[in-house]
Amino acid sequence: AGGGGASTGIAAAYREPDVAVNHSVAAIAAHEVNHPRTLHFRCDVWEVDPIAATGGRPVGLLWASPDCRHFSKAKGSKPVSDSVRSLADVVVKWAAATAPRVIMLENVEEFTTWGPTIKGLDGKSYPCPLSKGLEFKRWVRELEQLGYRVEHRELRACDYGTPTIRKRLFVIARRDGEPIIWPAPTHGKPSDPRVIAGELKTYRTAAECIDWSLPVCSIFASPTEAREWARQHGVPSPLRPLKGNTLRRVAKGVLRHVIDTPTPY
């Protein structure tokens, strides 16, 4: 459980989640506000007894969003945590104990590259470049051995009405004999023939979600300039400046989507 976004979707499509687990105080506090009827466990997910948590009742849906930090391309070449990379194995534990009818997992697209790690010269763990995907295939195989049919796809949020092009990997596993049905896109580019024909809606933009009337300090301001802007507007000073790579990506986006286009956004 994070703040409760996925749980809100689950509640709309199926039912309010009965159980939520997270080791983070902030995450559980937010989830409790958004889903007060849910039983919350603030601890390491490995510490929760699936049978005790569910009261031995049948489980219709298990949703998992294991920590993605050590799979994401944004991590770069930094060392990884073996314990964090293996968090998805808790899904197999719950599947074996409670046999959910349906299991869904969401993660970054690089989750399919989950493989063993090797020790570097510095003694820290790094993904083995020759064994990419071996642990992911093993994980899928263990679910299949428990009677699940497993499929996975990369989906883009913008294709379903959310104003971001972010891609995510989704895994669906079923053991109830029903087919796995993936959602059809509801939105597309303005030039898409399906949009022109009225079959799909036009992509939403981030611009429509932003209140442009709010005064905001430029992210390109120096730390000194940012502190002065915050003082003048009576708001807290930014905690830290953005990284150089982030600033370059934003600048490139501003150039492409605002300055060099006749129709910004």
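Within each chain, residue numbers correspond to sequence positions counted from 1 in written order. Local features are withheld for residues below a pLDDT of 70 in this predicted model, meaning they are given only at 70 or higher, and side-chain atom pairs are given and counted only at 80 or more; totals for whole chains, interfaces and linings count all residues. Derived side-chain values reflect all non-hydrogen atoms in the structure, with water molecules and hydrogen atoms excluded from consideration.

**Description of the overall build of the chain**
Working step 1: Looking only at helices and strands, one finds nine helices and 10 strands in the chain.
Working step 2: For the chain, buried positions account for 31% of its 265 residues.
Working step 3: Only heavy atoms enter the contact rule, under which two residues are in contact if any of them lie within 4.5 Å. Across the chain, contacts joining residues at least 24 apart in sequence account for 54% of those joining residues at least 6 apart.
Working step 4: Throughout, the Shrake-Rupley method with a 1.4 Å probe supplies accessible areas, and for residues the shown protein chains are the sole cover considered. On the chain, roughly 16900 Å² of surface is accessible, and the fraction owed to carbon and sulfur atoms is 57%.
Working step 5: Only four residue types enter the tally: Lys and Arg on the positive side, Asp and Glu on the negative side, with His and both chain ends excluded. Think of each charge as sitting on NZ of Lys, CZ of Arg, CG of Asp or CD of Glu. Where the 37 positive side-chain charges of the chain centre and where its 28 negative ones centre are 4 Å apart. Only DSSP runs of H or I reaching four residues or more are called helices, and only runs of E reaching two or more are called strands; each is numbered from the N terminus. Remark: exposure states derive from per-residue accessible area (1.4 Å probe, protein chains only) relative to the maximum for the residue type, with buried under 20%, exposed over 50%, and partly exposed in between.

**Quick notes on the environment of Val195**
Working step 1: Among the structural elements, Val195 can be located in helix H7 (residues 193–196).
Working step 2: Given a relative accessible area of 12%, Val195 falls into the buried group.
Working step 3: Along the chain, Val195 and Arg153 lie 42 residues apart, while their C-alpha atoms are 23 Å from each other.

**Points about the pairing of strand S1 (residues 19–22)**
Working step 1: One bridge is not enough; two strands pair if DSSP finds at least two bridges between them. In this sheet, strand S2 (residues 39–42) lies alongside S1 in parallel orientation, the contact comprising four bridges. When the bridges of S2 are listed, Ala20 appears paired with His40.

**Details of the pattern of salt bridges**
Working step 1: By definition here, a salt bridge exists when the distance from a side-chain nitrogen of Lys or Arg to a carboxyl oxygen of Asp or Glu is within 4 Å. Tallied over the entire structure, the rule returns 13 salt bridges.
Working step 2: Between Lys167 and Glu154 there is a salt bridge whose closest N-O contact spans 3.6 Å. Pair noted here: Lys167 is in strand S8 (residues 167–174) and Glu154 is in strand S7 (residues 149–156), with a separation of 13 residues, a long-range link.
Working step 3: Here the residues in one salt-bridge network are Asp89, Glu135, Arg138 and Glu142, joined through shared partners.

**Some points on a nonpolar patch on the surface**
Working step 1: The residues that make up patches have over 30% relative accessible area and no salt bridge, and they are joined within 9 Å when like-charged or within 5 Å when they are Val, Leu, Ile, Met, Phe, Trp or Tyr. The grouping of Ile219, Phe220 and Leu242 at the surface amounts to a nonpolar patch, some 260 Å² of accessible area in total.
Working step 2: Tracing the chain through its elements places Phe220 in the loop between strand S10 (201–202) and helix H8 (223–233).

**A few points about helix H6 (residues 134–145)**
Working step 1: Any helix carries an expected span of 1.5 Å times its number of residues minus one. In a regular helix each residue adds 1.5 Å, so 12 residues correspond to 16 Å; H6 covers 16 Å between its end C-alpha atoms and thus fits that length.
Working step 2: What H6 keeps buried is the set Phe136, Arg138, Trp139, Val140 and Leu143.
Working step 3: The positive-phi residue at the C-terminal boundary of H6 is Gly147, with phi of around 100°.

**Remarks on the pairing of strand S3 (residues 61–64)**
Working step 1: Every second residue of S3 is oriented toward a common face, the buried set being Leu62 and Ala64 and the non-buried set Leu61 and Trp63.
Working step 2: One ladder, built from four bridges, connects S3 with strand S4 (residues 102–107); its direction is parallel. Paired with Leu62 across the bridge in S4 is Ile103.

**Some points on the packing of aromatic side chains**
Working step 1: Note on aromatic contacts: the rings of Phe and Tyr and the six-membered ring of Trp form a pair at centre separations within 6.5 Å, being stacked when their planes are under 30 degrees apart, edge-to-face when over 60 apart, and tilted otherwise. Scanning the entire structure with this criterion turns up four aromatic pairs.
Working step 2: Their ring planes at 85° and their centres at 5.5 Å tell us that Phe111 and Phe136 sit as a pair that is edge-to-face. Within this pair, whereas Phe111 is found in the loop between S4 and strand S5 (117–119), its partner Phe136 is found in helix H6, the two being separated by 25 residues in sequence. By the burial criterion, Phe111 is buried, and Phe136 matches it.
Working step 3: Three or more aromatic residues joined by ring pairs make a cluster, and in this case those are Phe111, Trp114, Phe136 and Trp139.
Working step 4: Either the NZ atom of lysine or the CZ atom of arginine qualifies as a charge over a ring when it sits within 6 Å of the ring centre and within 35 degrees of the ring normal. Directly above the aromatic system of Tyr148 lies the positively charged group of Arg175, at a separation of 5.8 Å from the ring centroid.

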